[in-house]
Amino acid sequence: MITPIQTLLNGSYLLQEVTVSGWVRTFRSNRFIALNDGSTLQNLQCVVDFEAMEESELKRITTGAAIRVQGTLVESQGRGQTVEVQVKTMEILGDADPETYPIQPKKHSMEFLREQAHLRVRTNTFGAVMRVRSALAFAVHQYFTSRGFYYFHAPIITGSDAEGAGEMFRVTTLDPKAPPLDDAGEVNFKEDFFGKETNLTVSGQLEAEAYAMALGKVYTFGPTFRAENSNTSRHLAEFWMIEPEMAFYDLDANMDLAEDFIQEVIRYILEHCQEDLAFLDKRYADEEKSKPQAERSEMGLLDKLRFVTDQPFKRVTYTEAIDILRNSKPNKKKKFQYPIEAWGADLQSEHERYLVEKHFGCPVILFNYPAEIKAFYMRLNEDGKTVRAMDILFPGIGEIVGGSQREERLEVLREKMERLGVEEKELWWYLDLRRFGTAVHSGFGLGFERLVQFATGMGNIRDVIPFPRTPQNAEF
Ligand code: 4AD
Ligand code: MG
């Protein structure tokens, strides 16, 4: 039987014979192997009797090699660990040539590690991040399923542009060199695989609405795709989104849910990922130290997480936010790249960060945005110019959630679609939801990687997803 290192380290197998497999992190004094098997951040010290071993065997115990050891788990004599294995037999499962193995026991840059995305998870940092990511994903499912939501699988290939932003990746089997043409000389998608133009989905929301209007409360948790050419530390071309959709919820109930949801999943990792978070907290502090004073965060990572779980988010209307921004110092001193002049301006991340980090100093829910800057499906307010939209803004991240109450009135929705050039014949089924048994309903989308970024304190979103896809980058 192979026992995970995590189990051995809690002492339950003391003085017993154990078998452990893992990858060598370091080997020092021809005697002490630090072995890691991924089950935990901690390494298991394995002590070999070098006099009993062949020289040629010893040479093969190098950083990165996969080995299996068998021996007795004893209390450790040395400092730094409570238990260790006195090795009786050792087997090299797979060598790692020290001349060419890229992950050596030293500090590597994040840029270098991105080029080694298949191996970077063998470092402490990426191991910790990916274990926290896994725990967060579990917490998401637990949160919703324990509250009467059904997990709904939205299609990945779709004919509709849910956000109307036109940032989609086309899915086609047509020959790019010689596509079939119609009479007008345009590409004839009738001859394509699905008989129409299709794309990778930007959001499962529209389909989730159909399911919410029968199952009551549903959520999606799957990959979404955006062909926006954004080379930022917060954008991916392929990212995972969680989209709950609830029949009979208005915007207030939607905001309550979103806030509670984020707080709960963060509480979950605070409780279940203590070791990894303690490591990431220290790493975060080191990173902050290397920044100029003015850019340093006053709070540590764990402080930031507790700060989010321990107090309500600030709720502010778009109109209030514009007033704050218009009268803000950076606006008056022309420090914003996009100055805020009039009501109706779209908020850029510099504005969102000012509100969250400088003005309020806590997570903020902005709601009731101008209809003009939001998607077609959002519920129009009685004032005729704002919609029941809400964005949740987080320190260091900016927008983490985007959501709204949906327009449930057929005629209002049709008018809006016509004005924005969203074709009725493409979304006839979506309009059907307003024709048959329509009701107030709401939902939101949370970018999973932005949540993981916040939870782990990683500066770049590319470092919280195993194999990031960004413009000019899909190597792995
Ligand atoms: O605000 P967005 O575009 O909203 C929607 O897609 C709605 N259909 C959601 C809904 O109401 N069901 O995206 C939602 C969230 C954003 O707040 C952000 O966290 C994340 O998805 N997101 C991205 N994350 C990483 N890379 C990108 N390119 C992202 N674009 C959006
Ligand atoms: Mg948004």
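Structure first, text after, so check above.
All of the points below concern the structure found in this document.

1. Overview of the environment of Asp 161
Tracing the backbone through its elements, the reader meets Asp 161 in the loop between strand E7 (157-158) and strand E8 (170-171). Considering only alpha carbons, one finds Asp 161 and Leu 206, 45 residues apart in sequence, at a separation of 9.4 Å. Other than its neighbours up to four places away in sequence, Asp 161 contacts Gly 166, Met 168, Val 202 and Phe 376.

2. Let's talk about the pattern of salt bridges
If you walk through the whole model with that rule in mind, you get 33 salt bridges. A salt bridge links Asp 463 to Arg 120; the shortest N-O distance between them is 3.2 Å. Here Asp 463, found in the segment after helix H14 (448-456), pairs with Arg 120, found in the loop between helix H3 (110-114) and helix H4 (124-145); they are 343 residues apart in sequence, far enough to count as distant. A single salt-bridge network, built from bridges that share partners, covers Arg 379, Glu 382, Arg 388, Glu 407, Glu 408 and Arg 409.

3. Here's the deal with the site of ligand 1
In the vicinity of ligand 1, 24 residues are found, and the nearest of them are Glu 163, Gln 205, Arg 226, Glu 243 and Glu 399. Within the contact set of ligand 1, a nitrogen atom lies 2.8 Å away from a side-chain nitrogen or oxygen of Glu 228. Arg 406 places a side-chain nitrogen or oxygen 2.9 Å from an oxygen atom of ligand 1. In isolation ligand 1 exposes 630 Å². Once the protein is present, 93% of that is buried. Every element with two or more residues in the shell around ligand 1 is listed here: strand E11 (238-247), strand E15 (398-405) and strand E16 (441-447).

4. What about the environment of His 441?
If you trace the backbone, His 441 turns up in strand E16. On the basis of relative accessible area, His 441 is assigned to the buried category, the value being 2%. For the pair His 441 and Tyr 249, spaced 192 residues apart in sequence, the C-alpha to C-alpha distance is 5.0 Å. Contact partners of His 441, with chain neighbours within four places excluded, come to Glu 209, Met 213, Glu 245, Met 246, Ala 247, Phe 248, Tyr 249, Gln 405, Arg 406, Glu 408 and Arg 434. At 2.8 Å, the side chain of His 441 forms a polar contact with the side chain of Glu 209.

5. Concerning the sheet that holds strand E12 (residues 314-317)
Strand order across the open sheet formed by eight strands is E6-E10-E11-E16-E15-E14-E13-E12, with mixed pairing between neighbours. Both edges of this open sheet fall to strand E6 (150-151) and E12, since each of them pairs with a single strand only. In terms of strand pairing, strand E10 (residues 217-225) meets E11 through nine bridges, oriented antiparallel. When the sheet's bridge partners are listed, Pro 223 is paired in E11 with Trp 240.

6. Focus on the packing of aromatic side chains
This structure, assessed with the given rule, holds 21 aromatic pairs. Ring centres of Tyr 318 and Tyr 369 lie 5.6 Å apart, and the angle between their planes is 40°; this geometry places the pair in the tilted category. Taken as a pair, Tyr 318 in helix H9 (residues 318-326) and Tyr 369 in strand E13 (residues 364-370) lie far apart in primary sequence, 51 residues in all. The same class applies to Tyr 318 and to Tyr 369, which are both buried. Ring centres of Phe 376 and Tyr 377 lie 5.5 Å apart, and the angle between their planes is 75°; on these two criteria the pair is classed as edge-to-face. Owing to a relative accessible area of 3%, Tyr 377 belongs among the buried residues under this scheme.

7. What to know about the side chain of Ser 442
Residue position: Ser 442 is located in strand E16. Of the residues examined, Ser 442 reaches a relative accessible area of 0% and is grouped as buried. A distance of 2.6 Å separates a polar side-chain atom of Ser 442 from the backbone oxygen of Tyr 249. Apart from residues lying up to four places away in sequence, Ser 442 is in contact with Pro 244, Glu 245, Met 246, Tyr 249, Asp 250, Leu 251, Asn 254, Ser 404, Gln 405 and Arg 406.

8. Here we look at the environment of Thr 82
For Thr 82, the position within the fold is in the loop between strand E4 (66-75) and strand E5 (83-94). Judged by relative accessible area, Thr 82 falls into the exposed class, the value being 56%. Along the chain, Thr 82 and Gln 45 lie 37 residues apart, while their C-alpha atoms are 9.5 Å from each other. Non-local contacts of Thr 82, meaning those with residues more than four positions away in its chain, are made with Leu 9, Val 74, Glu 75 and Ser 76.

About the cut-offs
Residues numbered from 1 in each chain as written. Chains lettered and ligands numbered in written order. Predicted model: local features only at pLDDT ≥ 70, side-chain atom pairs only at ≥ 80, totals over all residues. Heavy atoms only, no water. Helix = DSSP H or I, 4+ residues; strand = E, 2+ residues; numbered from the N terminus. Contact = heavy atoms within 4.5 Å. Salt bridge = Lys/Arg side-chain N within 4 Å of Asp/Glu carboxyl O. Near = heavy atom within 4 Å. Polar contact = N/O pair within 3.5 Å; in protein donor to acceptor, adjacent residues only side chain to side chain. Areas by Shrake-Rupley, 256 points an atom, 1.4 Å probe, with all protein chains shown as cover. Buried < 20%, exposed > 50% of the residue type's maximum accessible area, 1.4 Å probe, protein only. Pairing = 2+ DSSP bridges. Phe/Tyr/Trp six-rings, centres within 6.5 Å; stacked < 30°, edge-to-face > 60°.

Without other data, these values stay purely geometric and don't point to any function.
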